[in-house]
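Fold and geometry: a report
This is what each chain is made of:
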Amino acid sequence: MSAETGGIAQADTGARGILAPVRFGRALLVVLLALLVVCAVRYVIRHSVDHTTWIILAGAAVLGAVALMQSIVPRRGAWPAAWTLVVTALWVVLTLIAPSFAWCAVPLAFQVLQILPFWPASAVIAAMTAVVIAAEARITPEFDPTIVAGPVGIAFATIVAYRALDREATARQRLVDELTETQAELAAAQHRAGGLAERARLSREIHDSVGQNLSSINLLLQAAQQSWDRRPDAAREQVRTAADSARAGLDEVRRVVRDLAPGELEGTAGSLPAAVQRVVSDAAKHGLRAEFRSHGEIADVPLPVASAIIRTVRGALANVAEHARASRAVVSLTAQPGELRLDIVDDGIGFDARPAARQQAAAQRRAQGRGHGLVGIAERIAAVGGQLEIESAHGEGTTLSAVFPTASASERTEP
């Protein structure tokens, strides 16, 4: 609850004092009624029963009756404050006539602190203190400084103590409000970050599926156009391959929309090597002489890891076909304890693989509105807990090595 909301709540209940949050009104009422009875008995013991005694007892009864009316007084608006002032006024009259009832000031002071705002409550308590001093002075034959110093000191200490408590409670409430606002802002930021991460993921998926298919179709159609007159049979085969790629791209779009795994994983019964082989074979249809090798027994792999491996192979081979000017590429998938190692080697022209150069190249790709390239591949591998290493130099080809975990996070953290 914010400070503003808390203030409205206090205004609605009619309680605006330092002790407003403290719910002990019923206990204060019991203490006040008990003190009224004790003070009445004390007055009767010390005075003879006469007409004045009956008036005093009647006044005490009226004060007790008005005090009991607290449960039926409306708790909103000015009604609680009006009730408090009426009870205090009755006590003032009764105490000035019979000082024995001065002790009733204690529960009344707490009621005042609970209902009235600080400065009006301080004024009322100061007036009550003056009444107590005046009443006690009437029955003391000689001047006693403790009659003045005692009530004043108690009233001052009480007000100062509860004022400090009020400030402490206000500061704590402010901290709670700030914490609540911070938590709300953090939740909103996490929501935005989740949305951005999902957008980045979908962007990578589209780039590595639809984008790569469209790139392959473009290359095939260009090749068919160039050889249409000289080699019509080869051109027709390239057009048919482009049509197959277009159908595969359409299927992949539907799968991405449904957030499914790569199509190569369907029907493989968890056989990841067979799925990778299909990706490599598709790349070979597009003019790249690609070869796949599998080492070790590859058991069932978690779907996110398998999907990341498939898309990494597809994206890497598409980059090789489009940029590397390579004649041959070899894809190797090796099973190791708790992980899979993926190596993709080509004999292309290579590039500067230093981090600074790769960042510069990625910035140029973004400026030209092109795909994610190696950045997208690295992000995908990192998303499933894997690691990527790239070795390349101008004229020396490229080696892409990625290690993927095959165990769950809990299994990897067990000693």
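Residues numbered from 1 in each chain as written. Predicted model: local features only at pLDDT ≥ 70, side-chain atom pairs only at ≥ 80, totals over all residues. Heavy atoms only, no water.

Here's the deal with the pairing of strand β4 (residues 387-392)
For the record, the criterion: A pair of strands is labelled paired if DSSP reports no fewer than 2 bridges between them. Helix and strand definitions follow DSSP, with helices as H or I runs of at least four residues and strands as E runs of at least two, each counted in order from the N terminus.
Pairing between β4 and strand β5 (residues 398-405): six bridges, direction antiparallel. Its bridge partner lying in β5, Gln-387 is registered against Val-403. In this antiparallel pair of consecutive strands, β4 and β5, the connection spans five residues, and Gly-395 shows a positive phi of 85°.

Quick word on helix α3 (residues 51-68)
Put simply, the rule reads: Given the number of residues in a helix, its expected span is that number minus one, multiplied by 1.5 Å. For the exposure calls, accessible area comes from a 1.4 Å probe over protein chains only, and a residue counts as buried if that area is under 20% of its type's maximum, exposed if over 50%, partly exposed in between. Here the arc refers to the set of directions running from the helix axis out to each C-beta atom. Under this definition, polar contacts are N or O atom pairs within 3.5 Å; protein pairs additionally need one hydrogen-donor-capable and one acceptor-capable atom, and for neighbouring residues in sequence, both atoms have to be side-chain atoms.
Look at α3: 26 Å from first C-alpha to last across 18 residues, which is about the 26 Å you get at 1.5 Å a residue. What α3 keeps buried is the set Thr-53, Ile-56, Ala-60, Leu-63, Gly-64, Val-66 and Ala-67. Across the axial projection of α3, the buried residues extend over an arc of 165°, all falling on one side. Along α3, exposed side chains directed more than 90 degrees from the buried face belong to His-51 and Trp-54. Of the residues that open α3, the one with a side-chain oxygen 3.2 Å from the backbone nitrogen of Thr-52 is Asp-50.

Observations regarding the pattern of salt bridges
Oppositely charged side chains are able to pair whenever their charged atoms sit close together. Using the following cut-off: Salt bridge, as applied in this entry: a Lys or Arg side-chain nitrogen positioned within 4 Å of an Asp or Glu carboxyl oxygen.
Scanning the entire structure with this criterion turns up seven salt bridges. In this structure, Glu-291 and Arg-293 form a salt bridge, with 3.0 Å as the shortest nitrogen-oxygen distance. Using a relative accessible area of 29% as the deciding quantity, one classes Glu-291 as partly exposed. Here Glu-291 makes a salt bridge to Arg-328, at a shortest N to O gap of 2.9 Å.

Section: the packing of aromatic side chains
Operational definition: Here a Phe, Tyr or Trp ring, Trp counted by its six-membered ring, pairs with any other such ring whose centre lies within 6.5 Å, and the pair is stacked when the planes are under 30 degrees apart, edge-to-face when over 60, and tilted otherwise. Here, a charge over a ring means that NZ of Lys or CZ of Arg falls within 6 Å of the ring centre while also lying within 35 degrees of the ring normal.
Applying the stated criterion across every chain, the model contains zero aromatic pairs. The residue whose ring lies beneath Arg-236 is Trp-228, and the NZ or CZ to ring-centre distance is 6.0 Å.

Details of helix α4 (residues 79-97)
An ideal rise of 1.5 Å per residue puts 27 Å on 19 residues; α4 measures up with 28 Å between its terminal C-alpha atoms. Buried within α4 are the following residues: Pro-80, Ala-81, Trp-83, Thr-84, Val-87, Thr-88, Trp-91, Leu-94 and Thr-95. Each buried residue of α4 lies within a common arc of 160° when the element is viewed along its axis, so the set occupies one face.

Some thoughts on the pairing of strand β3 (residues 339-346)
The sheet contact formed by strand β2 (residues 328-336) and β3 spans eight bridges and is antiparallel. Residue Ala-329 lies in a different strand from β3, and its bridge partner there is Asp-346. Turn length for the β2-β3 hairpin, with the two strands adjacent in sequence and antiparallel, is two residues, and the turn residue Gly-338 shows positive phi of about 80°. Here β3 runs beside β5; their pairing, made up of eight bridges, is antiparallel. For Glu-339, the partnering residue across the bridge sits in β5 and is Pro-405.

Brief notes about the packing of helix α5 (residues 105-115) against helix α6 (residues 118-138)
So the rule is basically this: Under this scheme, a helix contributes an axis fitted over its contacting stretch, all axes are lines through C-alpha atoms, and angles between N-to-C directions fall in the 0 to 180 degree range. Orientation is classified from the angle alone, with under 35 degrees giving roughly parallel, over 145 giving roughly antiparallel, 65 to 115 giving roughly perpendicular, and any other angle giving oblique. Left-handed describes a crossing whose near helix is turned anticlockwise from the far helix through less than a right angle; right-handed describes the clockwise counterpart. Should any heavy atoms of two residues lie within 4.5 Å, those residues are counted as being in contact. The residue classification treats Ala, Val, Leu, Ile, Met, Phe, Trp, Tyr, Cys and Pro as nonpolar and Asp, Glu, Lys and Arg as charged. All others, Gly included, are polar.
At a minimum axis separation of 9 Å, α5 and α6 run at an interaxial angle of 165°. By the angle class used here, α5 and α6 are roughly antiparallel. Crossing hand, α5 versus α6: right-handed. Residues Ala-105, Leu-108, Ala-109, Val-112 and Leu-113 of α5 form the contact with α6, whose participating residues are Ala-121, Val-124, Ile-125, Met-128 and Val-132. Looking at the contact of α5 with α6, its residues break down into ten nonpolar, no polar and no charged.

These figures come from the coordinates and say nothing about function on their own.
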